[in-house]
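The chain contents come next:
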Amino acid sequence: MAAVSAAVSLPTSKSTSLPTRTSIISPDRITLKKVPFYYKDVSTGGRVVSVRAQVTTEAPAKVEKESKKMEEGVIVNKFKPKTPYIGRCLLNTKITGDDAPGETWHMVFSTEGEVPYKEGQSIGVIADGVDKNGKPHKLRLYSIASSALGDFGDSKTVSLCVKRLVYTNENGEIVKGVCSNFLCDLKPGAEVKITGPVGKEMLMPRDPNATVIMLATGTGIAPFRGFLWKMFFEKHEDYKFNGLAWLFLGVPTGSSLLYKEEFEKMKEKAPENFRLDFAVSREQKNEKGEKMYIQTRMAEYANELWELLKKDNTFVYMCGLRGMEKGIDDIMVSLAANDGIDWLDYKKQMKKSEQWNVEVY
């Protein structure tokens, strides 16, 4: 049983030598199988004898690898496009300022507990109406922006963080994203078709003493809001976070900082366990006069981050724009090289051990 100790906070428009990683693979188990095999024993005058001994190899029984993430009880694809769950919009509010480049909305849907999900999963949404061919719109996946208990703490809701997609195409025509505009325009009480939940890549670590480094751009903050609510706003009998959670959030302007007040409240509540760094690219610069992107902010802590990445209980989660991973690689290559380590190989090993998790678009 868990209790929630915080309500939804809605920002205002003013919110401005390295130990090697080794894995031991046990050799194939050798077994004996008795099979008839006849041969001529020349020492006994040509008498034929029967020898029952042939050595064969048999593949070992497959051992299920134990995940380092909270995979127990995870449900996927309970609801599919042809049979979606019909939820209702309970809340839909804009969480970026009027001067922000683009609108982002926070919305809460009722599920009555019928869409059970874990922090880090996604749901699909099918917009109302039909496409230009008269067929139902295809589903669009969105990272869930709430903990498994939901914003109201009763496990009966799911929340999303959605940016309204509007752009001008090569012909000078204004184009609106079908699903994002459908969602951002939803009024309380409206029905919404939900599929899923899906995904295991972004599930939280099981270890309550882990170091969890979260890297987000824009609405990529969604899964980490769920992580952080579970860590700092909720009380669980079977989980109490005692590790270090470090969030880097990159946005273009101060009025685009999503859930800023919530995160600052968490930092006040658990200063030893939560670190918070914003990168506001159009308003902040580093000492060299370069725009403050997420990788620019991380570079200020490069040595400290590299030391954390050497630990076996450090988990990195990245969600947002695809280009962000390369910027982080650029920081780590030289630091790893100083320790005689090839960063890209090291990152591959982290991925295999579930400690490097990426969901970009």
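Everything here concerns the structure above.
In this text the structure is predicted, and so the values were computed from the model without any measurement.

**Student:** Can you help me understand the overall build of the protein in this one?
**Tutor:** Helix and strand content of the protein: seven helices and 19 strands. Counting over 361 residues, the protein shows a buried share of 47%.

**Student:** Where do I start with empty space enclosed by the protein in this structure?
**Tutor:** Unfilled space is identified by rolling a water-sized probe across the atoms. Space inside the largest cavity adds up to approximately 50 Å³. Ile-213, Leu-215, Met-298, Leu-305, Leu-309, Val-316, Ile-328, Met-332 and Trp-356 together form the lining of the largest cavity. Among the secondary structure elements, those contributing two or more residues to the lining of the largest cavity are strand 14 (211–217), helix 5 (302–309) and helix 6 (324–338). The class makeup of the residues in the lining of the largest cavity is nine nonpolar, no polar and no charged.

**Student:** Is there a simple way to think about the sheet that holds strand 18 (residues 314–320) in this case?
**Tutor:** Hydrogen bonds along the backbone pair up the strands of a sheet, which may run parallel or antiparallel. Strand order in this open sheet of five strands is 17-16-14-18-19, and the pairing throughout is parallel. Bordering the open sheet on either side are strand 17 (274–280) and strand 19 (356–360), each of which pairs with just one other strand. The sheet shows a mean angle of 10° between the axes of neighbouring strands, direction not considered. Those strands touched by helix 3 (residues 260–269) are strand 16 (244–251) and strand 17, and its axis lies near 150° from that of strand 17.

**Student:** Where do I start with the environment of Leu-305 in this structure?
**Tutor:** Looking at where Leu-305 falls in the secondary structure, it is placed in helix 5. Using a relative accessible area of 2% as the deciding quantity, one classes Leu-305 as buried. Each C-alpha atom of the pair Leu-305 and Leu-335 lies 9.9 Å from the other, and the pair is 30 residues apart in sequence. Discounting residues that sit within four places of it in the chain, Leu-305 has contacts with Ile-213, Trp-246, Phe-248, Met-298 and Met-332.

**Student:** Can you help me understand the packing of aromatic side chains in this one?
**Tutor:** How two aromatic rings sit relative to each other is given by the distance of their centres and the angle of their planes. Here the structure, examined in full by the defined rule, presents 14 aromatic pairs. Where Tyr-259 meets Phe-263, the ring centres are 6.3 Å apart and the plane angle is 70°; that geometry is what we call edge-to-face. Neither Tyr-259 nor Phe-263 differs from the other in exposure class; each is buried. Grouping aromatic residues by their ring pairs yields a cluster made of Trp-306, Trp-343, Tyr-346 and Trp-356. Here the basic side chain of Arg-225 rests over the ring of Tyr-259, its NZ or CZ set 4.8 Å away from the ring centre.

**Student:** So what exactly am I meant to see when it comes to the environment of Lys-176 here?
**Tutor:** In this structure, Lys-176 sits in strand 12 (residues 174–176). On the accessibility criterion, Lys-176 (57% relative accessible area) is exposed. Linking Lys-176 and Arg-164, residues 12 residues apart in sequence, is a C-alpha distance of 8.1 Å. Sequence-distant contacts of Lys-176, defined by excluding residues within four places in its chain, comprise Leu-165, Val-166 and Asn-181.

**Student:** Can you walk me through helix 6 in this structure?
**Tutor:** Turn by turn, an α-helix covers 3.6 residues, leaving residues three or four places apart pointing in a common direction. Along its length, helix 6 reaches its greatest deviation from straightness, about 30°, at Met-332. Buried residues of helix 6: Met-324, Glu-325, Gly-327, Ile-328, Asp-329, Ile-331, Met-332, Leu-335 and Ala-336, and no others. Along its buried surface, helix 6 packs onto strand 14, helix 4 (294–299), helix 5, strand 18, helix 7 (343–352) and strand 19. Positive phi appears at Gly-340, one or two residues downstream of helix 6, with a value of about 75°.

**Student:** Looking at this model, I keep getting lost on the sheet that holds strand 6 (residues 85–94). Mind explaining?
**Tutor:** Reading across from one edge, 9-8-13-6-7-10 is the order of the six strands in this open sheet, with antiparallel pairing throughout. Taken across any chain shown, the strands that pair with only one partner, and hence form the sheet edges, are strand 9 (140–143) and strand 10 (157–163). On average, each strand axis in the sheet is tilted by 40° relative to the strand beside it, whichever way the strands run. Pairing of strand 6 with strand 13 (residues 191–198) involves four bridges; the strand directions are antiparallel. Residue pairing across strands places Tyr-85 opposite Ile-194, the latter belonging to strand 13.

**Student:** Help me out: how do you make sense of unusual backbone geometry in this one?
**Tutor:** Peptide bonds are trans in most cases, and residues, glycine excluded, mostly fall at negative phi. Across the junction of Gly-196 and Pro-197, the peptide omega takes the value 0°, indicating a cis bond. Tracing the backbone shows Pro-197 in strand 13. Positive phi outside glycine occurs at Ser-155, with the angle close to 60°. Counting through the fold element by element, Ser-155 comes out in the loop between strand 9 and strand 10. Under the relative-accessibility criterion, Ser-155 is labelled partly exposed at 35%. The phi torsion at Tyr-259 lies on the positive side, around 60°, for a residue other than glycine. Along the chain, Tyr-259 turns up in the loop between strand 16 and helix 3. Using a relative accessible area of 0% as the deciding quantity, one classes Tyr-259 as buried.

Definitions and cut-offs
- In this convention, every chain numbers its residues from 1, walking through the sequence in written order.
- For this predicted model, a pLDDT threshold of at least 70 governs which residues receive local features, and a threshold of 80 or more governs which side-chain atom pairs are given and counted, while totals over whole chains, interfaces and linings are taken from all residues.
- Only hydrogens and water are set aside when side-chain values are computed; all heavy atoms of the structure are taken into account.
- Labels follow the DSSP assignment, with helices taken as runs of H or I lasting at least four residues and strands as runs of E lasting at least two, numbered in each case from the N terminus.
- Exposure is judged per residue with a 1.4 Å probe applied to protein chains only, and the accessible area is read against the type maximum: over 50% gives exposed, under 20% gives buried, and values in between give partly exposed.
- In the cavity and pocket records, a cavity denotes points on a 1 Å grid over the protein atoms alone where a 1.4 Å probe fits but cannot get out, a pocket denotes an open set with protein on both sides within 12 Å along at least 5 of 7 lines, and lining residues are residues with an atom within 4 Å of a point.
- Grid points are joined across faces, edges and corners, and a volume is the space filled by probe spheres set on the points.
- Side-chain classes are defined by residue name, with Ala, Val, Leu, Ile, Met, Phe, Trp, Tyr, Cys and Pro counting as nonpolar, Asp, Glu, Lys and Arg as charged, and the others, Gly among them, as polar.
- Should DSSP find at least two bridges between two strands, the strands are taken to pair.
- Only the stretch in contact is used when a helix axis is fitted, and all axes are lines through C-alpha atoms; the angle between N-to-C directions ranges over 0 to 180 degrees.
- Every residue pair with non-hydrogen atoms within 4.5 Å of one another is taken to be in contact.
- When the centres of two rings from Phe, Tyr and Trp lie within 6.5 Å, Trp using its six-membered ring, the rings pair. Their planes under 30 degrees apart give stacked, over 60 give edge-to-face, and anything left gives tilted.
- By definition, being over a ring means that NZ of Lys or CZ of Arg is both within 6 Å of the ring centre and within 35 degrees of the ring normal.
- Axes are fitted to the seven residues ending at a residue and to the seven starting at it; the angle between these axes is taken as the bend at that residue.

Any link to function would need more than the numbers given here.
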